[in-house]
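Coordinate inspection notes
As a plain string of letters, each chain reads:
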Amino acid sequence: MGGRPAAQAAGAPRWFAALLALPLGAGAQLQQRALDAPACYAALCALGALLALAGWRWRRLAGASLIGVIGLIGLALIGFGSTGWRAGQRLAEHLPAALEGRDVQLVGIVASLPQPGPNGVRFRFEVERASVDGAALALPRLIALGWYADSRDDAALSPAQRELRAGQRRRFEVRLRRPHGSLNPHGFDYELMLFEQGVRATGYVRGVPPPPIEEGAGYPVQRLRQRARDAIFARVADARAAGVLAALAVGDQGAIEREDWELFRSTGLAHLMAISGLHITMFAWLAARLIGALWRRSPRAMLAVPAPQAARWGGLLVAAAYAVFAGWAVPAQRTVWMLATVVLLRGIGVRWPWPLVLALAALVVTLVDPWALLQPGFWLSFAAVALLMASEPGEASGAATWRQRLVAALHGGVRTQLVATLGLAPLTLLFFQQVSLVGFFANLLAIPLVTLLVTPLALLGSLAPPLWTLAAWLLQPLTTWLQWLAGLPVAVWFVPAAPAWASAAALLGGALLVLPLPWRTRLLAAPLLLPLLLTPPERPPPGHYELLAVDVGQGTAVLVRTRHHLLVYDAGPQYSRESDAGARVLLPLLRARGERQVDRLVLSHRDTDHVGGARALLSALPVRSTSSSLPPDHPLLALAPRHATCAAGQTWVWDGVRFEFLHPREGEADPAARPNTVSCVLRVAAAGAPVTLLAGDIEREQELRLAGRHGEALRAGVLVVPHHGSRTSSTPLFLDAVRPQVAVVQAGYRNRFGHPAAEVVERYRALGSTLVASPACGAWAWRSDQGGPGRCQRDAARRYWHLSLDGEPVDG
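Here goes a summary of the coordinates provided.

So, on to the overall build of the chain. Scanning the chain from terminus to terminus reveals 30 helices and 26 strands. Across its three principal directions, the C-alpha atoms of the chain cover 95 × 70 × 60 Å. Buried positions account for 52% of the 812 residues belonging to the chain. Across the chain, contacts joining residues at least 24 apart in sequence account for 70% of those joining residues at least 6 apart. Surface exposure of the chain reaches about 36200 Å², of which carbon and sulfur atoms provide 61%. Each charge class in the chain can be summarised by its mean position, and for the 77 positive and 56 negative side chains these summaries are 12 Å apart.

Quick look at the packing of aromatic side chains now. Inspection of the entire model under this criterion finds 19 aromatic pairs. Between the aromatic rings of F123 and F125, the centroid separation amounts to 6.4 Å while the plane-to-plane angle is 80°, which identifies the pairing as edge-to-face. Across this residue pair, the class does not change: F123 and F125 are buried. Of the aromatic side chains, those joined through ring pairs into one cluster are F123, F125, W147 and F172. Above the ring of F195, the side-chain terminus of R90 is found at 5.6 Å from the ring centroid. Stacked on the ring of W652, the Lys or Arg R600 has its end atom at 3.8 Å from the ring centre.

Bringing empty space enclosed by the protein into the picture now. Overall, the coordinates contain 2 cavities of 30 Å³ or more when judged by the stated rule. Of the voids in this model, the largest cavity is the one considered here, and its volume is about 50 Å³. Lining the largest cavity are L601, L603, L618, T626, S627, S628, L630, L636, L637, A640 and H643. Listed by contribution, the elements that provide at least two residues to the lining of the largest cavity are β15 (600–603) and β16 (626–628). Put simply, the second largest cavity is a space of about 40 Å³. Taken together, A549, V550, V744, V745, Q746, V772, A773, S774, G778 and W780 make up the lining of the second largest cavity. Taken together, the elements giving at least two residues each to the lining of the second largest cavity come down to β23 (742–745) and β24 (770–773). The residue inventory of the lining of the second largest cavity, partitioned by class, reads 7 nonpolar, 3 polar and no charged.

Criteria and thresholds
For every chain, the first residue of its written sequence is number 1, and the numbers climb from 1 along that sequence. Where totals are concerned, whole chains, interfaces and linings use all residues; where local detail is concerned, this predicted model gives features only for residues with pLDDT of at least 70, and gives and counts side-chain atom pairs only at 80 or more. The side-chain quantities take in all heavy atoms of the structure and omit both hydrogens and water. A run of H or I in DSSP counts as a helix once it spans at least four residues, and a run of E counts as a strand once it spans at least two, with each numbered from the N terminus. Burial classes follow relative accessibility: with a 1.4 Å probe on protein chains only, a residue under 20% of its type's maximum area counts as buried, one over 50% as exposed, and anything between as partly exposed. What makes two residues a contact is simply this: any of their non-hydrogen atoms within 4.5 Å. In this description, accessible areas are obtained by the Shrake-Rupley approach with a 1.4 Å probe, and a residue is regarded as covered only by the protein chains that are shown. The sign given to each residue is positive for Lys and Arg and negative for Asp and Glu; His and the chain ends receive no count. Positions of charges follow a simple convention, taking NZ of Lys, CZ of Arg, CG of Asp or CD of Glu. The pairing test for Phe, Tyr and Trp rings, Trp by its six-membered ring, is centres within 6.5 Å, and the orientation test on the planes gives stacked under 30 degrees, edge-to-face over 60, and tilted for anything in between. Counted as over-ring charges are cases with an Arg CZ or a Lys NZ within 6 Å of the ring centre that also lie within 35 degrees of the ring normal. Using a grid of 1 Å spacing that covers the protein atoms alone, one calls a set of points a cavity when a 1.4 Å probe fits there but cannot get out, and a pocket when the set is open and has protein on both sides within 12 Å along at least five of seven lines; lining residues are those with an atom within 4 Å of a point. Grid points are joined across faces, edges and corners, and a volume is the space filled by probe spheres set on the points. Each residue is assigned to one class: nonpolar for Ala, Val, Leu, Ile, Met, Phe, Trp, Tyr, Cys and Pro, charged for Asp, Glu, Lys and Arg, and polar for all the others, Gly among them.

See the structure below:
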């Protein structure tokens, strides 16, 4: 009797290695910059299958260790080859470049919950038929569409947009483009998200489409979700509370207001308000406890199915139903598969050690969605389950008193809270470079309130709508508590992104915290975590500077970093009423770089593609001084400390690097002048290194004045191209004076202005300049002590799902 567990324990390391070999192979394939031929992946799968079969068949022969390694290599080859083959199939479903920007007629079904926003509505669309000028064509099956208002200033949806419903069969005229997103260091990979979701084209609806062809043509769950969301907003008067209830009930995270998301992140509750893997894991665990408690009240039920088994399967079914009703998003799918694996093993009586159980779950999730390995949610979900399993108490006795059950329930609640706060803090720091220091106290109230009361009420409100009002009322004291916590001076702790060796040490330290080891052994995690917390960010040496042209789409944002100072030149565009480059791009980037403050913020002029993100920046980070050409009545000046109007001749020196404004001249910054004409032009120079010229949106007249005043003194190694490469700028006389070695164009992919213009591109090429455009480059980094052409983020972080524009025209 005792021999079998001992044998299982002896073989556990081999099983653990075998279960992880295939996910490791898949993870290696995810690092490929470009895909190989499908035949190569098929051959790898075949070879891997032969090696794995050989390793299994001859595992008992002499030299079993070597044979076992051969088998593991075979499993890894299967993971690599199968993932590559699937990736090739997905990439084969693409939008031809020749169709970008053309009017395409589509017939299909609205495949998702429509997401209303300030300027329109966004949704997924399943294409059934497509044509151009009457000629049928093949398009990707699933595309992402936006149906925007005619005017960007019109925040209200039109009646036609309000009639958009999930499951409608509709006819649209659209303009499409290939998936493309901004790419910055430590930034969100939008193209990976679309690739994982199977979305192979994006676009927007043109004009006013005809009425729906058919209501309820498909997607019944999405239709049910939309009815529930609409009913919540109709019933609950407080729109912010209604948004939270819609997120908890049907997974509509877009319904939560932006300021509420900031509140939840700063208090460590973002995991609780999103239908994430962690949320579903906790929901399954709590449902299992409730079902188990109810099951033990029925002797007949316990005779039919043991209470622990009923609790596990019941928790899984409740979590799966919740995940489906919440939209069956990719994070929810992989969590359900993970939980199903765990429950199945326990159900068939396999008593594997919990690391083996998690390894098998990782294998199942990888088989279903190998790209999940790149998502923080994957690792956070597994860490949460690991903590729950490692500290799982024994099954409660049916004869336990009510006091014992109450103590057990309180103990379980505290344990869940530790999972959500302390246990996941190392991974949260690793992935997001921030952790809430008030998260424990926020979760102390939020976890029981949201999980046990608000979420069930939000779900049951579909049957009894007054429950939505009660749920909204319960959110009020929670919001008040969170606002007080978020107002504390140390609510959030930020750390810079750590180098690879420090991240690896932190992962090992996090594993020691998770493993069921003695506390003396767990204390070894502290020195392993310290490099993640204390490693100083890399800075240029004294007398030199680093330049980062941030990829913000159609707009400008440049970081200039000396040894001890940071200058931000422009803050990027405002994307919509609720989104801007400051909050979406610059703040995460600055925090990941370990920037605690901005020493000087330069806003070249008042156009929104240059100052759209300034409010978020000024509100979230200490800014010691500002320079701009903004008119005196501009609202941003009320937030700007120590403001000075930029004027030619103003100079300062930081750490041996000289900064000088060249334009506008004193008195030229007339509030009535066109904004482009008064752009602040900044020159950055380090001894013995090429000069950088940041030119804003100056146009022909201003360029000629600069060339006339400074002549060859304008010579620069790096030029951020004036006005994004517009035809109004980059005149021959100006370029002859500057003669840049590298010309950087910050513009959006296929932007509506056609930036950069073809003739401007040819002027730079005729000079022999290296032209760098953000759609093809992403963020561009350059250091004065290293020189050279700099580094494109799309080259440094290239993966096969990223759109490659190599060989395509640079002009817009």
